[in-house]
Amino acid sequence: MAAGYLDILRARHAARLLTGTLVGRLPNGTAHIAIVLFTRAEGGSYTLAGALAAVYGLATAVGQPLLGRAVDLYGQPRVQLPASVLSALGMALLAVAGFGSLPLAYAAVVVAGVFTPPLEGGLRALWPSVLGSEDRVHRAYAMDAVAQEVMFTIGPLLVTLLVSLWSPAAALLVINAIGVLGALSVVLSEPSRTWRSAPREAHWLGALRSRGLLALLGSFFFVGMALGSITVAGVAYADDHGRESVYGWLMAALGLGALIGGALYGARQWSGPPERRLRVIVALLALGYLPLMLTPGVVAMTVLAAVAGVFLAPAIACSFIVVDRHAPRGTVTEAFSWLVTTFGVGAAAGTAVAGPAVELGGTAWSFAVAGAGGVAALIVLLSTGRVLAVPGHSAVAVRGPEGDREDAVEPGLSQGRQA
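Residues numbered from 1 in each chain as written. Predicted model: local features only at pLDDT ≥ 70, side-chain atom pairs only at ≥ 80, totals over all residues. Heavy atoms only, no water.

What follows covers the overall build of the protein chain. Within the protein chain, the regular secondary structure consists of 18 helices and zero strands. Counting all 419 residues of the protein chain, 59% fall into the buried class. Counting only contacts in the protein chain whose residues sit at least 6 apart along the sequence, the fraction spanning at least 24 positions is 83%. As presented, the protein chain carries roughly 15400 Å² of accessible surface, and 68% of it is formed by carbon and sulfur atoms. (Helix = DSSP H or I, 4+ residues; strand = E, 2+ residues; numbered from the N terminus. Buried < 20%, exposed > 50% of the residue type's maximum accessible area, 1.4 Å probe, protein only. Contact = heavy atoms within 4.5 Å. Areas by Shrake-Rupley, 256 points an atom, 1.4 Å probe, with all protein chains shown as cover.)

Let us now look at the packing of aromatic side chains. Evaluated as defined, the whole model comprises two aromatic pairs. Ring geometry for Phe38 and Phe99: centres 5.6 Å apart, planes at 35 degrees, overall tilted. Of this pair, Phe38 sits in helix H3 (residues 26-41) while Phe99 sits in the loop between helix H5 (77-97) and helix H6 (102-114); the two residues are 61 residues apart in sequence, bridging distant segments of the chain. Accessibility expressed as a relative area gives 2% for Phe38, which makes it buried. Ring plane angle 85 degrees and centroid distance 4.9 Å describe the contact between Phe221 and Phe222, whose orientation is recorded as edge-to-face. (Phe/Tyr/Trp six-rings, centres within 6.5 Å; stacked < 30°, edge-to-face > 60°.)

Before going further, it helps to examine the environment of Tyr56. Along the chain, the position of Tyr56 falls in helix H4 (residues 46-74). Overall, the relative accessible area of 2% leaves Tyr56 in the buried class. Sequence separation of Tyr56 and Val345 is 289 residues, and the distance between their C-alpha atoms is 9.3 Å.

Among the surface-exposed residues, Val280, Leu284, Leu287, Leu290, Met293, Val375 and Ile379 lie close enough to one another that they form a single nonpolar patch of about 570 Å² accessible area. Elements with a contribution of two residues or more to the nonpolar patch: helix H13 (274-289) and helix H17 (363-383). Locating Leu284 in the fold gives a position in helix H13. Look at Leu284 and you get partly exposed, because its relative accessible area is 33%. (Patch = residues over 30% accessible without salt bridge, like charges linked within 9 Å, V, L, I, M, F, W, Y side chains within 5 Å. Salt bridge = Lys/Arg side-chain N within 4 Å of Asp/Glu carboxyl O.)

Looking at the secondary structure, you find Glu120 in helix H7 (residues 119-131). A relative accessible area of 12% means that Glu120 is categorised as buried. In this structure Glu120 touches Thr21, Arg25, Gln148, Phe320 and Val340, once residues within four positions along its chain are discounted.

This part is about the pattern of salt bridges. Under the criterion given, the structure shown has six salt bridges. In this structure, the salt-bridge partner of Arg69 is Glu334, at a minimum N-O distance of 2.9 Å. On the criterion of sequence distance, the pair formed by Arg69 in helix H4 and Glu334 in helix H16 (residues 332-361) is long-range, its members being 265 residues apart. Note that Arg325 and Glu275 form a salt bridge whose closest N and O atoms lie 3.0 Å from each other. Highlighted residues: Arg325 in helix H15 (residues 312-326) and Glu275 in helix H13, separated in sequence by 50 residues. On the basis of relative accessibility, which here comes to 5%, the residue Glu275 falls in the buried class. In this structure, a network of salt bridges that share partners links the residues Arg25, Glu120 and Arg124.

In this section: the nonpolar core. One finds Leu94, Trp127 and Tyr289 to be the most contacted residues of the largest nonpolar core, which totals 117 residues. Considering every element that reaches this core, the biggest residue donor is helix H11 (residues 211-240), with 15 residues. Not counting chain neighbours up to four residues away, the residues in contact with Trp127 comprise Ala14, Leu18, Gly132, Val137, Ala140, Tyr141, Met143 and Asp144. (Core = buried A, V, L, I, M, F, W, Y, C linked by side-chain atoms within 4.5 Å.)

The next thing to look at is the confidence of the model for the protein chain. Detail in the predicted coordinates should be disregarded across regions flagged by low pLDDT. Here the protein chain shows a mean pLDDT of 84. Residues at 70 or above account for 89%. Per-residue pLDDT, averaged within each element of the protein chain, yields its smallest value for helix H1 (residues 2-9) (74) and its largest for H5 (96). In this model, residues 394-419 is a region of pLDDT below 50 whose contacts with residues beyond four sequence positions or in other chains number 86 contacts. (pLDDT = per-residue confidence, 0-100.)

Let us now look at the packing of H4 against H16. Where H4 meets H16, the closest approach of the two axes is 8 Å, and the angle between their N-to-C directions is 175 degrees. When the interaxial angle is binned, H4 and H16 end up roughly antiparallel. Of the residues contributing to the contact of H4 with H16, the split by class is 15 nonpolar, 12 polar and four charged. (Axes fitted to C-alpha atoms, helices over the stretch in contact; angles between N-to-C directions. Parallel < 35°, antiparallel > 145°, perpendicular 65-115°, else oblique. Nonpolar A, V, L, I, M, F, W, Y, C, P; charged D, E, K, R; others polar.)

What follows is about the packing of H3 against H4. Helix-helix packing: each pair is described by the crossing angle between the helix axes and the interaxial distance. Interhelical geometry of H3 versus H4 gives an angle of 155 degrees and a closest axis separation of 8 Å. Between H3 and H4, the angle falls in the class roughly antiparallel. The hand of the H3/H4 crossing is right-handed. Residues Pro27, Asn28, Ala31, His32, Ile35, Val36, Thr39 and Arg40 of H3 lie in contact with H4, whose contacting residues are Tyr46, Leu48, Ala49, Leu52, Ala53, Tyr56, Gly57 and Thr60. For the contact of H3 with H4, the residue count by class is 10 nonpolar, five polar and one charged. (Left-handed = near helix turned anticlockwise from the far one by under 90°.)

Below you can see the structure in the form of C-alpha cells.
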C-alpha cells in the first residue's frame, strides 16, 4: 500500500493538490470544535455553543451544493478562492466581535458556513486529469481517505494548542488564515485552472434527481448527526474531568481510529456491490458509538473513542464509491458537495440536540445521541436497499485534461472510490 501511495505522490501536482486541499479544509474540519471552545471561553452556555455550531453546519449545508454547482459551471478558481476568503472573514468577525451582539455572532457564522469552499469535491474531480489511469485514480481516493483522517487527528490538537498558547479567538483567526493559504495553493495549480466539468443535462434538481444519491444522503445525515453530537458531548466530558485537554485527546483518538480504519480499508481490494458493503460498515460504525454512553475514566474513554472512529473512514470511503455510481453526468463536484452538505445538516442537528441533552440528562445522554444517529443511519440503508441496488450509471468516468468524460468500464469494487 505504501508503495502505491508513493507512486501517486510522485505524480506531477498530486502532492500539492492533496496538501492544499487538506490545509484548505482545516477551518471546516475544526470549526465546530473552535466555535464550542470559543463560546465556552466567552461565558456562553452549552446550548448557545451547540446552537452556533448548528447554525454554522446548516449554513455550510446551504452553501456547499450551491458552490459545488458553481464550480461545475464556472470552474474552480472563480469559486474556491473567493469563497475561502469570505468564509475566513466571517470567522474573523466572530473572533473580534464576540457576543456583544448575538445577531452579529450568528451572522458571522452564517457567512463562514455559506462560503466554505467545496475543496473536497473539487479534489476528487481533479484526480482523473492528474493521474490518468483508473487504477491510480482509485488508489488516490484511498490515500485521500487516510490523509483526511490525519487532518482530523491533528486538527483538534492544533486548535487546543492554539487555545492554550493564546486564546480561542486567536485559534479561530489562525486556523482560517491557514485555510485561505491552502485554497490559494490549490486554485493556482495548473489542474485546477484548466479543469472543466463534463457536459450536464439541464435540470433544476441537478445531482439530486438521482434516487440512489438521495438514499445515501438520508443515511449520512444521521452519521453527521452522530459526529456533531460527539463534538458537544466531548466538551461536556472534559468539563466533568476538569481538564480542557481531555477534549482534544478524545477528538484526536476518534480521528486516529478513523485513520487506522481507513488505512486498513484501503490496503485491500474489495469485491461485490459497494452498497451491500456499506450497510455492513455502517452497522459496525453504529456498534462502535454505543459504548460511549458508558463514559468511563479518561484512559478507557480515549480507547472507546478510538474504537468508535475505526469504521468512520471506511464508511466515508465506501460512500464515495456509491456517489460515483449514482451521480448524474456532469454533476461530480455538486454530488460530492451534497454529501458534505448532508454531514453539515446532520452535524448541526447533532450539536443542537446534544447541547440540551447535556444540561437535561448529563454527559451520557449527549453520547446517546451519537449511538442513536448510527442506528438510524443503518435503518435508512436497510430500508432503501432496492433503490441503492440500481446505479444511476454503470461506469466510472475518467476525465481528460479539460474535464471531458471518456469511455470507462464498470469499475467493480476492486477499483472502488475512496473518500
